[in-house]
Amino acid sequence: MRTNLLTLHVHAASGGQPKGCTCQRAACGGAEQGPGAQTAGCTAHGVITTQSHRAFDCPVLPADTDLSRLWLVVTRWTADGPALLRANRFDRVLLADLRGSAALWDVAEGDTAEDAARSWQARVDAMRADAARRQAAEIAAARERARHRELAVAALRNSGGRAADL
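It should be emphasised that the depicted structure is a prediction, and the values quoted were computed from it without experimental measurement. (Residues numbered from 1 in each chain as written. Predicted model: local features only at pLDDT ≥ 70, side-chain atom pairs only at ≥ 80, totals over all residues. Heavy atoms only, no water.)

Notes on the pattern of salt bridges
Logical step 1: Considering all chains together, one arrives at ten salt bridges under this definition.
Logical step 2: A salt bridge links Arg133 to Asp130, with the nearest nitrogen and oxygen atoms 3.7 Å apart. With Arg133 and Asp130 both in helix H2 (residues 113-159), this residue pair falls three residues apart, about one helical turn.
Logical step 3: For Asp130, a relative accessible area of 31% gives the class partly exposed.
Logical step 4: The partner of Asp130 in a salt bridge is Arg134, and the shortest N-O contact between them spans 2.3 Å. Here Asp130 pairs with Arg134, and both are found in helix H2, just four residues apart, close to one helical turn.
Logical step 5: Among the residues examined, Arg134 registers a relative accessible area of 45% and is labelled partly exposed.
Logical step 6: A cluster of three or more residues bridged by salt bridges with shared partners is formed by Arg54, Asp106 and Arg123. (Salt bridge = Lys/Arg side-chain N within 4 Å of Asp/Glu carboxyl O. Helix = DSSP H or I, 4+ residues; strand = E, 2+ residues; numbered from the N terminus. Buried < 20%, exposed > 50% of the residue type's maximum accessible area, 1.4 Å probe, protein only.)

Here we look at the pairing of strand S5 (residues 81-89)
Logical step 1: As defined by bridge partners, strand S4 (residues 70-78) adjoins S5 across eight bridges and the pair is classed as antiparallel. When the sheet's bridge partners are listed, Arg76 is paired in S5 with Ala83.
Logical step 2: Connecting the antiparallel pair S4 and S5 is a turn made up of two residues. (Pairing = 2+ DSSP bridges.)

Remarks on the environment of Cys28
Logical step 1: Take Cys28: it is sitting in the loop between strand S1 (8-12) and strand S2 (31-33).
Logical step 2: Each C-alpha atom of the pair Cys28 and Val60 lies 6.0 Å from the other, and the pair is 32 residues apart in sequence.
Logical step 3: Among all residues touching Cys28, those that are not within four sequence positions of it are His9, His11, His53, Cys58 and Val60. (Contact = heavy atoms within 4.5 Å.)

Some remarks on the side chain of Arg54
Logical step 1: With respect to the secondary-structure elements, Arg54 resides in strand S3 (residues 50-54).
Logical step 2: In this structure Arg54 comes out as buried when scored by relative accessible area, which is 19%.

A closer look at H2
Logical step 1: The end-to-end C-alpha distance of H2, which contains 47 residues, comes to 69 Å, matching closely the 69 Å that a straight helix rising 1.5 Å per residue would cover.
Logical step 2: Ala116, Ala117, Trp120, Arg123, Val124 and Val153 are the residues of H2 that are buried. (Expected span 1.5 Å × (residues − 1).)

Considerations on the nonpolar core
Logical step 1: Grouped together as the largest cluster of nonpolar side chains are twelve residues: Leu5, Leu6, Phe56, Cys58, Leu61, Leu70, Leu72, Val74, Phe90, Leu95, Leu98 and Val107.
Logical step 2: Secondary-structure elements contributing two or more residues to this core are S4 and helix H1 (92-100).
Logical step 3: In terms of residues, this core owes the most to one element, S4, which gives three residues.
Logical step 4: The next biggest cluster of nonpolar side chains, apart from the first, holds seven residues, and it includes Val73, Ala87, Ala108 and Trp120. (Core = buried A, V, L, I, M, F, W, Y, C linked by side-chain atoms within 4.5 Å.)

Notes on the sheet that holds S5
Whenever strands of a sheet pair, they do so through backbone hydrogen bonds, lying parallel or antiparallel.
Logical step 1: Read from one edge to the other, the open sheet built from three strands follows the order S5-S4-S6, with strand pairing classed as antiparallel. Only two strands of the sheet have a single partner each, and these edge strands are S5 and strand S6 (104-109). Direction aside, the axes of adjacent strands within the sheet are offset by 35 degrees on average.
Logical step 2: One ladder, built from six bridges, connects S4 with S6; its direction is antiparallel. By the bridge assignment, Thr75 is partnered in S6 with Leu104.
Logical step 3: Where H1 meets the sheet, its contacts fall on S4, S5 and S6, and the angle it forms with S4 comes to roughly 20 degrees.
Logical step 4: Seen against the sheet, H2 touches S4, S5 and S6 and runs at an angle of roughly 110 degrees to S6. (Axes fitted to C-alpha atoms, helices over the stretch in contact; angles between N-to-C directions.)

Structure below.
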């Protein structure tokens, strides 16, 4: 079975998993979350204190795991969110430097730096589109609640009831 090196392995602070967690499990027992992981709508990890590690840092990652398609993507923050600066072959020394600096970084897979950059950009674009869809749905729901409230107030006024408390 191929290891998804882009995921995060999430462990509850207690060491186990929270009740109701339906996430697929990594070899270390952590719930896999992130790109390519099937979370099946699990929300059990959103409100608890967790411990986590990246898949490529997993203590039970097989020694023969192929990291040749893994790239470190260095980004900068813009008004529109993260923007790619460069992609470097995965290297534990560079990873330690990035972690010790104020650099924004992520990982991506690809055969070349360009493939990894496209893969990363597609993932960021998909997250932006998903966030825009969720925001539009929240705005629509808020407008619908406001419309219902206005209808209720109008109905109370028409019936002679007190609308001042609404």
